[in-house]
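What follows is each chain in one-letter form.
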Amino acid sequence: MADVATVEARVRAEGLLAPGAPVVVLLSGGRDSVCLLDLAVTIAGAEAVVALHVDHGLRPDSADDARFCAQLCERLGVAPVVARAGGPPPSGNLQAWARELRYARGHELAAARDADLAAGHTASDQAETVLYRLAAAPGRRALLGMAPRSGRLIRPLLGVSREETAAWCRARGLPWRDDPSNASGRFARNRVRAGLLPALRAIHPAAEANVVRTAALLRDEAAVLDAAVDEVLGGRAEIPLERLRALPVALARLVVVRLAEDAAGALVPRAASRTEEILALDPARRWTALDVGDGVRAVVERGALRMERIF
């Protein structure tokens, strides 16, 4: 396990946190976010940092988390912002609701300050994300994991393990609060953390690091594949079906996925699996269509394929 100086050097080398660069840190009060906040202060300077804590109101002691975060910010000389949900959660996926609320508040605050928004995702989270997505939604994108930067959103700790964030906090004398819901078997991600990753480590002690490294390599290779798709489409939102059929099947699949995701403005997990059906559509017909799922329809009109959202 790396020491504090090594962890700091690793995060500095990523360049996502920089001296004087304004940043909003998502602060839950857990070990990872506490480590991230301290690193942001160390690298960017306290005057450049704002900490955002979102009180979702999901637990009776959530107000204690907010007080803890405010006290930590005072200790580190950081301006704290506490946002509250403002209403009861929906009856659906609580984790998704809480995540969307947290990021929405974070992006609002970051945009107002012309700052980056930093989340405390670690290498351990990256491994869990890849394994979960691979199980839930097979495909190339499942293996790419989380990007270090996505617009304003940055993840400076993707090269740091969860054990290392805990070691950082202990070495710096920083307390943290554990969320008991992280140990609940109700949530699929927790089951990956508690069951699947330990099983993989039993097979090979470097299993977690190998998953993370694989995701990083595939993200590099994805840039090459994306460039190939760009060349085929040439900036257009449609492609002659006969031209699509002439491509290698893997490249045709990537083109179909790109068109579907551009139309949806979001991931379309089922698009890749519908490629063969799309290629079998009749280009001689004046108009024909196929529902590819996830609110997107493939349309062939006058021999050209395009994707459109289904409202």
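In case you missed it, the structure is sitting above this.
Note that the structure is predicted; figures quoted are calculated from it, not measured. Numbers given for residues are sequential positions, taken from 1 along each chain in its written order. Selection of residues for local features in this predicted model requires a pLDDT of at least 70, selection of side-chain atom pairs for listing and counting requires 80 or more, and totals for whole chains, interfaces and linings are taken over all residues. By convention in this description, side-chain values take in all heavy atoms of the structure and omit both hydrogens and water.

(A) Just the overall build of the chain, in detail. Strands are runs of DSSP state E lasting at least two residues, helices are runs of H or I lasting at least four, and both sets are numbered from the N terminus onward. Helix and strand counts for the chain stand at eleven helices and ten strands. Principal axes of the C-alpha set define a box for the chain whose edges measure 70 × 45 × 40 Å. Throughout, exposure labels follow a simple rule: accessible area from a 1.4 Å probe, protein chains only, divided by the maximum for the residue type, with under 20% read as buried, over 50% as exposed, and the rest as partly exposed. The 311 residues of the chain split such that 44% are buried. Once local pairs closer than 6 in sequence are excluded, the contacts in the chain between residues at least 24 apart make up 66%. Within this scheme the basic residues Lys and Arg register as positive and the acidic residues Asp and Glu register as negative, but His and the chain ends are omitted. In plain terms, the charge of a residue is placed at NZ if it is Lys, CZ if Arg, CG if Asp and CD if Glu. In the chain, 41 positive and 38 negative side-chain charges are present, and the distance between their average locations comes to 3 Å. What makes two residues a contact is simply this: any of their non-hydrogen atoms within 4.5 Å.

(B) Structural view of the environment of Asp-64. Its location among the elements puts Asp-64 in helix H3 (residues 62-76). Each C-alpha atom of the pair Asp-64 and Thr-122 lies 25 Å from the other, and the pair is 58 residues apart in sequence.

(C) Broad picture of the environment of Ala-112. With respect to the helices and strands, Ala-112 occurs in helix H4 (residues 94-113). Residue class for Ala-112 comes out exposed when judged on its relative accessible area of 69%. Spatially, the C-alpha atom of Ala-112 lies 25 Å from that of Asp-65, the residues being 47 residues apart in sequence.

(D) Up close: helix H8 (residues 207-233). Multiplying 1.5 Å by the helix residue count minus one yields the expected span of that helix. In this model, H8 (27 residues) spans 38 Å end to end at C-alpha, consistent with the 39 Å of a helix rising 1.5 Å per residue. Considered for burial, the residues of H8 that qualify are Ala-207, Glu-208, Val-211, Val-212, Ala-215, Ala-222, Val-229, Val-232 and Leu-233. Where H8 is buried, its residues meet helix H5 (123-136), helix H7 (188-203), strand S7 (238-240), helix H9 (241-246) and helix H10 (249-264). Directly after H8, the chain includes Gly-234, whose backbone phi takes a positive value near 55°.

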